[in-house]
Protein chains: 4
Amino acid sequence: MTQPLAVAVLGASGRMGSEAVRAIEAAADLHLVAALGRKDPLEELVAAGAAVVVDLTVPDSTEQNVAFAVEHGMHAVVGTTGWDSERLGRLQDLLALNPEVGVLIAPNFALGSVLATAFAARAAKYFESVEVIELHHPNKVDAPSGTAERTAVLIAEARAEAGLAASPDATRTSRDGARGCDVDGVRVHSVRLRGLVAHQEVLFGGVGEQLTIRHDSFHRESFMPGVLLGVREVGSHPGLTVGLDGYLDLQA
Amino acid sequence: MTQPLAVAVLGASGRMGSEAVRAIEAAADLHLVAALGRKDPLEELVAAGAAVVVDLTVPDSTEQNVAFAVEHGMHAVVGTTGWDSERLGRLQDLLALNPEVGVLIAPNFALGSVLATAFAARAAKYFESVEVIELHHPNKVDAPSGTAERTAVLIAEARAEAGLAASPDATRTSRDGARGCDVDGVRVHSVRLRGLVAHQEVLFGGVGEQLTIRHDSFHRESFMPGVLLGVREVGSHPGLTVGLDGYLDLQA
Amino acid sequence: MTQPLAVAVLGASGRMGSEAVRAIEAAADLHLVAALGRKDPLEELVAAGAAVVVDLTVPDSTEQNVAFAVEHGMHAVVGTTGWDSERLGRLQDLLALNPEVGVLIAPNFALGSVLATAFAARAAKYFESVEVIELHHPNKVDAPSGTAERTAVLIAEARAEAGLAASPDATRTSRDGARGCDVDGVRVHSVRLRGLVAHQEVLFGGVGEQLTIRHDSFHRESFMPGVLLGVREVGSHPGLTVGLDGYLDLQA
Amino acid sequence: MTQPLAVAVLGASGRMGSEAVRAIEAAADLHLVAALGRKDPLEELVAAGAAVVVDLTVPDSTEQNVAFAVEHGMHAVVGTTGWDSERLGRLQDLLALNPEVGVLIAPNFALGSVLATAFAARAAKYFESVEVIELHHPNKVDAPSGTAERTAVLIAEARAEAGLAASPDATRTSRDGARGCDVDGVRVHSVRLRGLVAHQEVLFGGVGEQLTIRHDSFHRESFMPGVLLGVREVGSHPGLTVGLDGYLDLQA
């Protein structure tokens, strides 16, 4: 049997972080060697002998956390937001100096959601019509959701590349907003309902048929299989990968 | 065995009318005694001995057709649009003079759709959140659909009567139209997709649960069971009934 | 303003009981006067002045708990299982002696689920075809679920009363189990899937149309609105009521 | 502008064939040069100068039709069933002698259905649980559908390859058939409902999440975009391809 992989968690006392600690402890092939909070020094990562660092902290500290890991030859799996193109550029410079190190920055660790988006992008060029419906709890402050926007953008790109015209729509009389919002020519509808968590449907329509790709996220813990997959795979993907789909095998 | 009911169809060469002719001919308890087109004189209804007249003509002629039927003691089942409050008023005056005659004016004969709307109205007061999604073929010119508007209005009335506040919604940043249109405080979303016919979902959300009432209309022929139910029942409902739900038994 | 209703919870340290305690404490019109565990004497209910007793204990103790309440003039809302016809008979005898007391015994407090079943029973006679799909977490030991069985039985009764034949089915070659199980002539399918909680779809099919009534239970806390509705209403329903639907207003 | 592709249809008077004739005539980049019925000699294909032959005939004649096409240097798109391994072997021998010719044999031309199956096979290894529900009109004689069986087999293969155990299932008490049928360890449920055509849902479940891939086929004409795609692509795929998914581009 191979030795368990030594994993450290940064942001271990946060909501995502504490879930990650639990998930890593429960995985037979992983060994949690450090669980650091806000005030713990990063040097503990070295002392603990971490091979992979999971960063689930805050936008303010994620860049220096990841830089520390890379400089010390540790791979990093990052769920923290705030990685704009400037930060990504600096990280790539750093990775060029440490070519054996892998970093995964993933805005979404729910495997089903990542697969749903990937499938939607691949199906896009085969259908005359497409719309997106996302459904969330009523405390969400933005509409549409970031995932829905990203899905719509990828669909729009695939349609453009295939030379497809806009989805047909004969609407002449409409109440304001009935037809949803327009994201690069793709209509997106946002539903807010007590009881829901995070859900999304992509509806493709062609003559006489419909293809629907739906993802339901019922709990925050749905992110953990994706985090574990990232932890296990990051060592075999040197350099920077943005998006968990880069680690998924979608070939036949 | 009882004698078959003598039924006549007006507008028999139209799309709905020809379906109705077929459906009546196929029903063992009904006897088609006349199938009139635009230019056929209404007197043929009398000669044929029609007990029930099905009007599937056009807004311009429906009022005189129904008046003729009522004056000759025939019940009428009406699928033609164009019955505004003025016309309805004149019809009720006429029915007051012919108290044994029944008239059903139904904007929608799809049993499933009528039931879905009735159930949505009854469920409305038990849920904190509600939204409506209607989905149609892309040649539809109005959004939202008339059925969705009517459903939303009925839901809004039921909520108001029960003293419910608006569905919760923390949205602060939104693309135009993402949250759908507002029908009396109920959000309605209109999807247009090649391949679809006419579909509607009412989504109710409460703490930890969701109730969804969905209707799919795949074909125009879905209206025929409702037309036949109207034909069979109109004789037992003297006076004017608007909406097929008036004939449905929704008690336990 | 009216005085809050004095409510006591039996089984207050159990999973359902502790949720009920929280829900009652959060309701402005209710006042939690007692929260009893297994070993607390029922006499505390009297001392506390409870007007309504919520029993969320175990089958072994529920009958004596409810009897105590009724004999002391307290209404009871009961979520505990184990009420067979013999127990119900004894309870009705007791209620005959205390005609002003109301008891609600509800196998299911999720409003959406109760409504879904009630709507399905009402829709049943209008459709040629019907099947039930229930979906649960994979730790469930019985299939189909009790709710699905009860829904199917009610549908079967409504179809029989309306003189409907069996749902059409031309299947000649079939793998064992493909067509689900048969509950009084209604096909029921049980899906078990990690990530799910408790979900049910009733599918009605007619010529060219489909009506779907779906309920999703995402959390145990979805039962609380139904418990509160029971607590508020039980005083106005003297005698025994089985099933929360007896308190729901399903008229137009 | 490039010259339209010369296409011939065999079985042109059948249900599928006549749809294909219509679809090819409506496509600007295709030119229908022959539409042959059962008794028309195959030599007309040569006289008409067909570049692609669409075979939508019957199992008895499809092999000789395709052989004729291949021997005359025409590509073939085949929707007829009955191609067992023996026939396929003979066809491959023939294609070895005509290496520039392409033949597509597709059991299913609905693009959405083919994509749904392909996506399900790719998603299979990422989820702990999976079940398949297929829903059809009540005149279907077999259960489950061929597409559902094939989908389940592909899912089972992907799970086996990834070393996944069976989907978790704690069922101890069950009515016969409740848990569906077992196709290589994957549970499949068959629903039969008046009003439906052909529909399929693949449900994947993981901790806290669900991925659903659904396809609805509302009309036979839904096969035509797939037939046209086959016609346009077959010339660039010399040799034998079984399944339209071989022509689909599922890479990012």
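Predicted, not measured: the structure shown is a model, and the values here were computed from it.

Trainee: Quick one: what's the story with a negative patch on the surface, residue by residue and with numbers?
Mentor: On the surface, Glu157(A), Glu161(A), Asp182(A) and Asp184(A) cluster together to form a negatively charged patch. The class of Asp184(A) is exposed, set by a relative accessible area of 54%.

Trainee: Outline the relation of the copies chain D and chain A, supporting the account with residue identities and numerical values.
Mentor: With an RMSD of 0.1 Å, the fit of chain D onto chain A corresponds to turning through 180° and sliding 0.1 Å along the axis. The two molecules are tied by a two-fold rotation axis, judged by turn and shift. Residue Ile213(D) of chain D places its C-alpha closer to the rotation axis than any other residue of that unit, at 2.4 Å. Interface overlap between copies: 97% of the residues of chain D at the interface are likewise at the interface in chain A, consistent with a symmetric, same-surface contact.

Trainee: Go over the domain arrangement of chain A with me, naming the residues and quoting the values.
Mentor: Splitting chain A by domain gives domain 1 (5–105 + 221–247) and domain 2 (111–218). Measuring from the centre of the C-alpha atoms in domain 1 of chain A to the corresponding centre in domain 2 of chain A gives 31 Å.

Trainee: Quick rundown of the sheet that holds strand E9 (residues 181–183) of chain C? Include the residues and the values.
Mentor: The 10 strands are arranged E9(B)-E10(B)-E6(B)-E11(B)-E12(B)-E12(C)-E11(C)-E6(C)-E10(C)-E9(C) in an open sheet whose pairing can be described as mixed. Of all strands in the sheet, those bounded by a partner on one side alone are strand E9 (181–183) of chain B together with E9 of chain C. Within the sheet, the average angular offset between the axes of one strand and its neighbour, ignoring direction, is 20°. In the sheet, strand E6 (residues 129–136) of chain C pairs with strand E11 (residues 198–206) of chain C via eight bridges, with the strands oriented antiparallel. What sits directly across from Leu135(C), in E11(C), is His199(C). Each of strand E12 (209–217) of chain B together with E11 and strand E12 (209–217) of chain C is contacted by helix H5 (residues 111–123) of chain C, which is oriented at about 30° to E12(B), the strand it contacts most.

Trainee: Quick rundown of empty space enclosed by the protein? Include the residues and the values.
Mentor: Taken as a whole and judged by the stated rule, the model has three cavities of 30 Å³ or more. Reported here for the largest cavity is a volume of approximately 860 Å³. Lining of the largest cavity is provided by 40 residues; of these, Glu201(A), Arg214(A), Glu201(B), Glu201(C) and Glu201(D) occupy positions nearest its centre. Grouping the amino acids of the lining of the largest cavity by side-chain chemistry returns 17 nonpolar, 11 polar and 12 charged. If you add up the space inside the second largest cavity, you get close to 40 Å³. If you go around the second largest cavity, the residues you meet are Ser113(B), Ala116(B), Thr117(B), Thr147(B), Gln200(B), Val202(B), Ile213(B) and His215(B). Every element with two or more residues in the lining of the second largest cavity is listed here: helix H5 (111–123), strand E11 (198–206) and E12 of chain B. At three residues, the largest contribution of residues to the lining of the second largest cavity is made by H5(B). Looking at the lining of the second largest cavity residue by residue, the classes come out as three nonpolar, five polar and no charged.

Trainee: Any details on the relation of the copies chain B and chain A? Residues and values, ideally.
Mentor: Both copies of the chain are related by a screw-like operation: a rotation about an axis and a shift along it. When chain B is brought onto chain A, the operation consists of a screw motion whose angular component is 180° and whose axial shift is 0.0 Å, with 0.0 Å RMSD remaining. A share of 100% of interface residues in chain B that are also interface residues in chain A marks the association as one of identical surfaces.

Trainee: Mind laying out the side chain of Ser222(D), listing which residues take part and the relevant values?
Mentor: Considering the arrangement of structural elements, one finds Ser222(D) in the loop between strand E12 (209–217) and helix H7 (224–233). Only 3.0 Å separates the side chain of Ser222(D) from the side chain of Ser217(D), close enough to count as a polar contact. At 2.9 Å, the side chain of Ser222(D) and the backbone oxygen of His219(D) are in polar contact. Setting aside residues no more than four positions away along its own chain, Ser222(D) makes contact with Val207(A), Gly208(A), Glu209(A), Phe109(D), Ala110(D) and Ser217(D).

Trainee: Break down the interface of chain B and chain A for me, with residues and values.
Mentor: Of the residues lining the interface, 47 residues belong to chain B; the matching set on chain A comes to 47 residues. Interface area, chain B with chain A, both sides summed: about 3400 Å², of which 56% is carbon and sulfur. A salt bridge links Arg194(A) to Glu128(B), with the shortest nitrogen-to-oxygen separation between them at 2.8 Å. Linking chain B to chain A there are 26 residue pairs in polar contact (both at pLDDT 80 or more). Counting residues per element, the ones that place at least two in the side of chain B that touches chain A are strand E6 (129–136), strand E7 (142–143), strand E8 (173–174), E9, strand E10 (186–192), E11 and E12 of chain B. Class assignment of the residues belonging to the side of chain B that touches chain A gives a composition of 19 nonpolar, 14 polar and 14 charged.

About the thresholds
Counting of residues starts from 1 at the beginning of each chain's written sequence and follows it residue by residue. Labels are handed out in written order, letters beginning with A for the chains and numbers beginning with 1 for the ligands. Per-residue local features are limited, in this predicted model, to residues with pLDDT of at least 70; the limit for side-chain atom pairs, both in listing and counting, is 80 or more; totals at the level of whole chains, interfaces and linings are taken over all residues. Excluded from the side-chain calculations are hydrogens and water; all other atoms, namely the structure's heavy atoms, are used. For patch building, the residue pool is restricted to those with more than 30% relative accessible area and no salt bridge; the joining distance is 9 Å between like charges and 5 Å between nonpolar side chains (Val, Leu, Ile, Met, Phe, Trp, Tyr). Shrake-Rupley sampling with a 1.4 Å probe provides the accessible areas, and residues are treated as covered by the protein chains on show and by no other component. What makes a salt bridge here is a side-chain nitrogen of Lys or Arg within 4 Å of a carboxyl oxygen of Asp or Glu, nothing more. Asp and Glu are treated as the negative residues and Lys and Arg as the positive ones, with His and the ends of the chain left uncounted. All charge positions are set by atom: Lys at NZ, Arg at CZ, Asp at CG, Glu at CD. Only protein chains enter the accessibility calculation, which uses a 1.4 Å probe; a residue whose area is less than 20% of its type maximum is buried, one above 50% is exposed, and one in between is partly exposed. In this comparison the copies share one frame, found by least squares on the C-alpha atoms of residues holding pLDDT of at least 70 in both. Throughout, a contact is declared for two residues whenever any of their heavy atoms are within 4.5 Å. The source of the domain bounds is an automatic or database domain assignment. In this scheme, strands are said to pair when DSSP sees at least two bridges between them. A run of DSSP states H or I qualifies as a helix once it reaches four residues; a run of E qualifies as a strand once it reaches two. Both are numbered from the N-terminal end. Axis lines are fitted through C-alpha atoms, for helices just across the contact stretch, and the angle between N-to-C directions can take any value from 0 to 180 degrees. Put plainly, a pocket is an open set of points on a 1 Å grid over the protein atoms alone with protein on both sides within 12 Å along at least five of seven lines, a cavity is a set where a 1.4 Å probe fits but cannot get out, and a lining residue has an atom within 4 Å of a point. Grid points are joined across faces, edges and corners, and a volume is the space filled by probe spheres set on the points. For this classification, Asp, Glu, Lys and Arg are treated as charged, while Ala, Val, Leu, Ile, Met, Phe, Trp, Tyr, Cys and Pro are nonpolar and the rest, including Gly, are polar. Polar contact is defined as a pair of N or O atoms within 3.5 Å, subject to the rule that within protein one atom must be able to donate a hydrogen and the other to accept it, and that residues adjacent in sequence are counted only when both atoms are side-chain atoms. Buried area: the sum, over both parts, of the accessible surface (1.4 Å probe) that disappears when the two are put together.

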